[in-house]
Amino acid sequence: MAKKVKTNLMWGGRFDEGPDVLMESINASINFDKRLYKQDIEGSVAHANMLAKQGIIEFSEADLICEGLAKIRLEIEEGKFEFKPSLEDIHMNIEARLAELIGSTAGKLHTARSRNDQVALDFRMWVRDHIDIAISDLRKLIEAFINQADLNSDLIMPGFTHMQVAQPVSWSHHMMAFVEMFGRDLARFEDARRRLNECPLGGAALAGTSFPIDRHTTSKILGFDRPMANSIDSTSDRDFALEFLTCSAICATHLSRFSEELVIWSSAQFNFVEISERFSSGSSIMPQKKNPDAAELIRAKVSRINGSLVALLTTMKGLPLTYSKDMQEDKEQVFDAADTLLLSLRVMTGMLNELKPNKTNLEKAASVGFSTATDLADWLVKNIKIPFREAHEITGKLVKRAEENSCELKDLSLDDMQEANSLINKGVYSVLSVQNSVASRTSYGGTSPEEVRKQVLTWRKKLSL
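Please read all numbers here as calculations on a predicted model, not as lab measurements.

Next up on the list: empty space enclosed by the protein. Taken as a whole and assessed by the stated rule, the structure comprises one cavity of 30 Å³ or more. Taken as a whole, the largest cavity holds about 40 Å³ of empty space. In terms of lining, the largest cavity is formed by His47, Met50, Ala112, Leu201, Gly202, Ile213, Asp214, Arg215 and Thr218. Looking at the lining of the largest cavity, the elements that each hand over two or more residues are helix H3 (37-53) and helix H8 (215-221). Here the residues of the lining of the largest cavity sort into four nonpolar, three polar and two charged.

What follows is about the side chain of Gln148. Residue position: Gln148 is located in helix H6 (residues 115-151). Relative accessible area serves as the criterion here: at 4%, Gln148 is assigned to the buried category. At 3.1 Å, the side chain of Gln148 and the side chain of Asn152 are in polar contact. Discounting residues that sit within four places of it in the chain, Gln148 has contacts with Trp171, Met175, Leu352, Leu355 and Pro357.

Right, let's get into the nonpolar core. Judged by nonpolar contacts, the single largest core of 98 residues is most densely connected at Phe189, Phe258 and Leu262. Tallying contributions element by element places helix H10 (residues 239-265) first for this core, with 14 residues. Counting 21 residues, the second largest nonpolar core, distinct from the first, contains Ile384, Ala402, Ile424 and Val431.

Two quantities define a packed helix pair, namely the angle between the axes and the distance from one axis to the other. Following both chains from N to C, one finds H6 and helix H7 (residues 171-196) inclined at 165 degrees, their axes separated by 9 Å at the closest point. On the basis of their axis angle, the class for H6 and H7 is roughly antiparallel. Taken as a pair, H6 and H7 cross one another with a handedness that is left-handed. Residues belonging to the contact of H6 with H7 are distributed by class as follows: 20 nonpolar, three polar and seven charged.

Two elements in contact, H3 and helix H4 (residues 59-77), have axes separated by 9 Å at closest approach and are oriented at 175 degrees. With respect to H4, the element H3 is oriented roughly antiparallel. The residues of H4 that touch H3, namely those facing Tyr37, Lys38, Ile41, Glu42, Ser44, Val45, Ala48, Asn49, Ala52 and Lys53, are Phe59, Ala62, Ile65, Cys66, Leu69, Ile72, Arg73, Ile76 and Glu77. Residue classes in the contact of H3 with H4 are distributed as 12 nonpolar, two polar and five charged.

Look at any regular strand and the pattern is simple: side chains alternate between the two faces of the sheet. Of the strand pairs in this sheet, strand E1 (residues 156-161) and strand E2 (residues 164-170) are connected by six bridges, and their pairing is antiparallel. Counterpart to Phe160 in the pairing with E2 is Val165.

Tallied over the full model, the rule gives 38 salt bridges. Sharing partners across several salt bridges, the network here consists of Lys38, Glu42, Arg73, Glu77 and Asp129.

Together, Leu206, Ile232 and Leu321 line one region of the surface with nonpolar side chains, adding up to about 280 Å² of accessible area. Structurally, the position occupied by Leu321 is in the loop between helix H11 (293-316) and helix H12 (330-353).

Its 37 residues place the ends of H6 53 Å apart at the C-alpha level, agreeing with the 54 Å of an ideal helix rising 1.5 Å per residue. H6 sits mainly inside the fold: 26 of its 37 residues count as buried. The N-cap of H6, judged by a side-chain oxygen 2.9 Å from the amide nitrogen of Asn116 a few residues on, is Ser114.

Let us now look at the layout of surface pockets. Picture a little ball the size of a water molecule; that probe, rolled over the atoms, points out where space is still empty. Taken as a whole, the largest pocket encloses approximately 420 Å³ of empty space. Phe160, His174, Phe178, Arg257 and Glu261 are, among the 15 residues lining the largest pocket, the residues nearest its centre. Listed by contribution, the elements that provide at least two residues to the lining of the largest pocket are E1, H7 and H10. Per element, the largest residue contribution to the lining of the largest pocket is five residues, and it comes from H10. Of the residues that constitute the lining of the largest pocket, the class distribution is eight nonpolar, four polar and three charged.

Take unusual backbone geometry next. Cis geometry is found at the peptide bond from Leu321 to Thr322, where omega equals 10 degrees. Among the structural elements, Thr322 can be located in the loop between H11 and H12. A positive phi angle, close to 60 degrees, is found at Met163, a residue other than glycine. Note on placement: Met163 falls in the loop between E1 and E2. A positive phi angle, close to 65 degrees, is found at Lys385, a residue other than glycine. Mapped onto the elements, Lys385 comes out in the loop between helix H14 (373-384) and helix H15 (388-405). Classification of Lys385 by relative accessible area gives exposed; the value is 66%.

Calculation criteria
- Residues numbered from 1 in each chain as written.
- Predicted model: local features only at pLDDT ≥ 70, side-chain atom pairs only at ≥ 80, totals over all residues.
- Heavy atoms only, no water.
- 1 Å grid on protein atoms, 1.4 Å probe; cavity = no way out; pocket = protein on both sides within 12 Å on 5 of 7 lines; lining within 4 Å.
- Points joined across faces, edges and corners; volume = space filled by probe spheres on them.
- Helix = DSSP H or I, 4+ residues; strand = E, 2+ residues; numbered from the N terminus.
- Nonpolar A, V, L, I, M, F, W, Y, C, P; charged D, E, K, R; others polar.
- Buried < 20%, exposed > 50% of the residue type's maximum accessible area, 1.4 Å probe, protein only.
- Polar contact = N/O pair within 3.5 Å; in protein donor to acceptor, adjacent residues only side chain to side chain.
- Contact = heavy atoms within 4.5 Å.
- Core = buried A, V, L, I, M, F, W, Y, C linked by side-chain atoms within 4.5 Å.
- Axes fitted to C-alpha atoms, helices over the stretch in contact; angles between N-to-C directions.
- Parallel < 35°, antiparallel > 145°, perpendicular 65-115°, else oblique.
- Left-handed = near helix turned anticlockwise from the far one by under 90°.
- Pairing = 2+ DSSP bridges.
- Salt bridge = Lys/Arg side-chain N within 4 Å of Asp/Glu carboxyl O.
- Patch = residues over 30% accessible without salt bridge, like charges linked within 9 Å, V, L, I, M, F, W, Y side chains within 5 Å.
- Areas by Shrake-Rupley, 256 points an atom, 1.4 Å probe, with all protein chains shown as cover.
- Expected span 1.5 Å × (residues − 1).

Here is the structure:
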């Protein structure tokens, strides 16, 4: 049977014995929640100053507490702080060290505060900080896509549906599609940040406090828009963490989709792009290999973030209000997802900044697979004035004729064309080149160079680039 240990866990007089060593192992969170030290100290400083301002403690006591907290922060950042699993979490580790530094005055810091609203505050601030980092990194990634669009504005490539050549598009248009996708991610993170920016401090254990605290002051000091309006919600809410994970999962999905394209495009069979050696690897046995490992790893990372989201959703779905110890399991999921997302964003940005499209192969591929068939059908509608469905059928017959002749549509003779419809004239050849096809797509959001330039300018203005 496991041995019991006696430890001062700050439980006051309620417990005669310390926890079983197994209980200590499952209960302690310091190995991961020590990442909250900065937010914990900032929250404690704000709380101490508010207590003094409200006359709950003396200003001299608040000053002593804040001085002690500053020393603790320095110790942690210099690697001199001893984190003790017996003290469970970052909050009790810091409070115990504060008592060592300044004596019994340290105990006044916990006046009108519970670990429930304390951890809710720390975690919310940590997520807010990492949303800010994600927003900054997303802006850099979006700029990298815009630069790719600008640098290769005259480049034509095949557009795909079902991984089959569909219609020719410009490289810039394809890059700007990802700008739109990651732009939505940017907006989601910004929206999530606005929603989480309410301060839970002062909710105490769950019912608020009888002390005359000023929650608006602590909210303002800590950069929040307002205090949370309900003390029960203050301590029990983890929507902000779920939203962060949701935004991260969608963003990681977009990263994975582009990674998949890079893996395909960089293969010898496609040879559409060259990925920098700085983001590739070789083979231990095949000296010719240059593997797109960075893209493959980013593609795999989405599974970790999705797993974190599902794990926290599952943890929260059965919890009654307010705080349950289950909620200790929220942090590792969010920490891992944040680390994974930020690394993936930075690697993708670096890879994209050094990506080189293969113009010759892209344009050659854009010309095969009868990619201008829709242009032919559109020409028939515009010039012969027939219904599109009839034009579709005529074009299908001409595609079949081209297949039989092992040629492209533009290589069919006018006689071949007129066998399908006698009204076709030589003007049809003006729409059968990929260049003309791309240039003709002038509808809003289309692939024509003119429209893509508008998209680029809109986004540069939006991001102040």
